[in-house]
Amino acid sequence: MNETWWLDPNQLDEAQKQILLEKPEAQLLIVGPPGSGKTNLLVLRANYVRSVSPRLLLLTFTRTLNEFLKSGPNVGRGDQIREDEIKTFMGWAKQLIRENGGTLPDSTGNFEADRVAVAEAVLNVIDDQNLGRMYDVIFVDEVQDFLEIELRIVRRLAHRINAAGDSRQRIWRHREGLPTVAGMVSRTVTLEQHYRIGIKICDFADQILPPKMGDASLSEGSNYDEEARPSSVLAIPSVHLASQFDECIDQIREQRRYITDEPIGVLTISGEVRDGFWDRLVERGELVGISIRQRQEEYQPFGPDSLIRIMTVASAKGSEFRAVHLLEAENYGTGRRELAFTGVTRAKTEVILHHTKPLRGHMKPASGKLPSIDEVF
């Protein structure tokens, strides 16, 4: 069975089926934890309403998620959403500017400033050209990462919006996306059950970023079969960053003995560390033929040979791996809990934390073993 994409209606639970089959004119915000099927539902709902609402668009924030969606089995057939109807917001926005005689703003080198400038340029084009509602429905995935101004553009150009998101998976400091879109749709629906994340990883993710009062923990909503495939969280100390790189490569070589047909992720906070790890992996040579480095400036499409995927946590949004390695785990301080939560929950069964300095309390896996009295002193 394909564990990433639903291929049969029987793979959906009742809550998922009800959301999928909501009347086409419904405007929905789907919220739920990682692994609850939010992204799958957006794609399938686009296919469901397509016959009565043919002008469709599905927007993502990151290019990695965009390409991941295009690779799915529910895209591209004559009665399904097409690949060219799945776009990143930034790519779509720049296309709107060019096609309607606008001027693309110059890049400042600051992504946050650039995205606001592009959004403002789109609004100017909409006003100057008096653009109407060009789409029957726009679907927005990972909506928690969108700015209010970006969602206003979606609202201006679409008759209806369907969106999906999770407040615990924010990768930017702003918190505009979910409350903004909640005010634009007619109903918010919550998925509480999830299926792909092991119990020990759920417990660790809840430790990193506890649920809000009254919300269910990841562990409570898990339907993962822990007995069939036990999960684990392990921290490995190293003397310096170069040692982390080598230890990570050694661990991946061992994992490749039993993880043969699913990807393993190596996630970093910064592009600099990502590139440093890639250089060491290439230098060693053992894993080069099955590895790719994901960078915005030179995107590599996922293929059957890309079993080791190296990227920043921000780029990994929407991806999933059998195992995840987090480099420089000591740098996930209290201000980066959401980033750490996002990275950890990309994994299904294994999380390995590589660190040089001591881990913060929320990043330290519980050993389950009390020390002896001598070890206390």
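Before any of the text, the structure's been laid out above.
Residues numbered from 1 in each chain as written. Predicted model: local features only at pLDDT ≥ 70, side-chain atom pairs only at ≥ 80, totals over all residues. Heavy atoms only, no water.

Some details on the pattern of salt bridges
Point 1. Per the stated rule, a full pass over the model turns up 28 salt bridges.
Point 2. Salt-bridge contacts for Arg-175 lead to Glu-338; the nearest nitrogen and oxygen are separated by 3.3 Å. Taken together, the positions of Arg-175 in the loop between strand 5 (158-165) and helix 7 (177-182) and Glu-338 in helix 11 (residues 337-344) put the pair 163 residues apart, joining distant regions of the chain.
Point 3. By relative accessible area, Arg-175 is classed as partly exposed at 49%. (Salt bridge = Lys/Arg side-chain N within 4 Å of Asp/Glu carboxyl O. Helix = DSSP H or I, 4+ residues; strand = E, 2+ residues; numbered from the N terminus. Buried < 20%, exposed > 50% of the residue type's maximum accessible area, 1.4 Å probe, protein only.)

A closer look at the sheet that holds strand 2 (residues 56-60)
Point 1. The parallel open sheet is built from six strands, whose spatial order is 3-2-4-5-1-6. Looking along the sheet, the strands with just one partner apiece sit at the ends: strand 3 (86-88) and strand 6 (187-190). Strand-to-strand twist in this sheet, taken as the mean axis angle between neighbours without regard to direction, amounts to 20°.
Point 2. With five bridges joining them, strand 4 (residues 135-140) and strand 5 adopt parallel strand pairing. (Pairing = 2+ DSSP bridges. Axes fitted to C-alpha atoms, helices over the stretch in contact; angles between N-to-C directions.)

Section: the nonpolar core
Point 1. The biggest cluster of nonpolar side chains holds 37 residues, and the ones touching the most others in it are Trp-92, Ile-138 and Ile-153.
Point 2. Looking at this core, the elements with two or more residues in it are strand 1 (28-31), strand 2, helix 4 (89-99), helix 5 (111-129), strand 4, helix 6 (148-157), strand 5 and helix 7.
Point 3. It is helix 5 that contributes the most residues to this core, seven residues altogether.
Point 4. With sequence-adjacent residues up to four places away left out, Ile-153 is seen in contact with Phe-89, Trp-92, Ala-119, Val-122, Leu-123 and Ile-126.
Point 5. The next biggest cluster of nonpolar side chains, apart from the first, holds 28 residues, and it includes Phe-321, Ala-329, Tyr-332 and Phe-341. (Core = buried A, V, L, I, M, F, W, Y, C linked by side-chain atoms within 4.5 Å. Contact = heavy atoms within 4.5 Å.)

Some details on the side chain of Glu-262
Point 1. Relative to the assigned elements, Glu-262 resides in the loop between helix 9 (241-255) and strand 8 (264-268).
Point 2. Polar contacts involving the side chain of Glu-262 include one to the side chain of Arg-322, which spans 2.6 Å.
Point 3. There is a polar contact of 2.8 Å between the side chain of Glu-262 and the side chain of Lys-348. (Polar contact = N/O pair within 3.5 Å; in protein donor to acceptor, adjacent residues only side chain to side chain.)

Notes on the sheet that holds strand 11 (residues 321-326)
Point 1. Strand order in the open sheet formed by six strands is 7-12-11-8-10-9, with parallel pairing between adjacent strands. Of all the strands in the sheet, just strand 7 (232-237) and strand 9 (291-293) have a single pairing partner and so form its edges. Averaged over neighbouring strand pairs, the angle between their axes works out to 20° when direction is ignored.
Point 2. Where strand 8 meets strand 11, four bridges bridge the pair, whose relative direction is parallel. Across the sheet, residue Gly-265 finds its bridge partner in strand 11, namely Val-324.

Details of the packing of aromatic side chains
Point 1. This model, assessed by the stated rule, comprises six aromatic pairs.
Point 2. Both rings, one in Phe-61 and one in Phe-146, keep their centres 5.9 Å apart while their planes meet at 65°; by these two values the pair is edge-to-face. Linking Phe-61 in the loop between strand 2 and helix 3 (63-70) with Phe-146 in the loop between strand 4 and helix 6, this pair joins segments that are 85 residues apart in sequence. Grouping residues by exposure puts Phe-61 and Phe-146 together as buried.
Point 3. Taking 5.7 Å as the distance between ring centres and 80° as the angle between the ring planes, the aromatic pair formed by Phe-245 and Phe-277 counts as edge-to-face. Taken together, the residues Phe-245 in helix 9 and Phe-277 in helix 10 (residues 271-284) connect sequence positions 32 residues apart. (Phe/Tyr/Trp six-rings, centres within 6.5 Å; stacked < 30°, edge-to-face > 60°.)

Describing helix 11
Helical geometry note: an α-helix holds 3.6 residues per turn, so side chains three or four residues apart project in the same direction.
Point 1. Of all eight residues in helix 11, seven are buried, a share of seventy percent or more.
Point 2. Inspection of helix 11 places Glu-338, Leu-339, Ala-340, Phe-341, Thr-342, Gly-343 and Val-344 among the buried residues, and these make up the whole buried set.
Point 3. Residues of helix 11 that are buried make contact with helix 8 (199-208), strand 8, strand 11 and strand 12 (347-355).

Side note on the packing of helix 5 against helix 6
Point 1. Contact geometry for helix 5 and helix 6: axes closest at 9 Å, N-to-C directions at 25°. When the axis of helix 5 is compared with that of helix 6, the two are roughly parallel. In this structure, the crossing between helix 5 and helix 6 has a hand that is left-handed. From helix 5, Arg-115, Ala-119, Glu-120, Val-122, Leu-123, Ile-126 and Asp-127 reach across to helix 6, where they touch Ile-149, Glu-150, Arg-152, Ile-153, Arg-156 and Leu-157.
Point 2. Taken together, the residues that form the contact of helix 5 with helix 6 break down as seven nonpolar, no polar and six charged. (Parallel < 35°, antiparallel > 145°, perpendicular 65-115°, else oblique. Left-handed = near helix turned anticlockwise from the far one by under 90°. Nonpolar A, V, L, I, M, F, W, Y, C, P; charged D, E, K, R; others polar.)

Focus on unusual backbone geometry
Point 1. The phi angle at Asn-130 is positive, at roughly 50°, despite the residue not being glycine.
Point 2. As for its placement among the helices and strands, Asn-130 is situated in the loop between helix 5 and strand 4.
Point 3. By relative accessible area, Asn-130 is classed as exposed at 68%.
Point 4. Although it is not a glycine, Glu-142 sits at a positive phi angle of roughly 50°.
Point 5. Mapped onto the elements of the fold, Glu-142 is located in the loop between strand 4 and helix 6.

So far we have only geometry, and geometry alone does not tell us how the molecule works.
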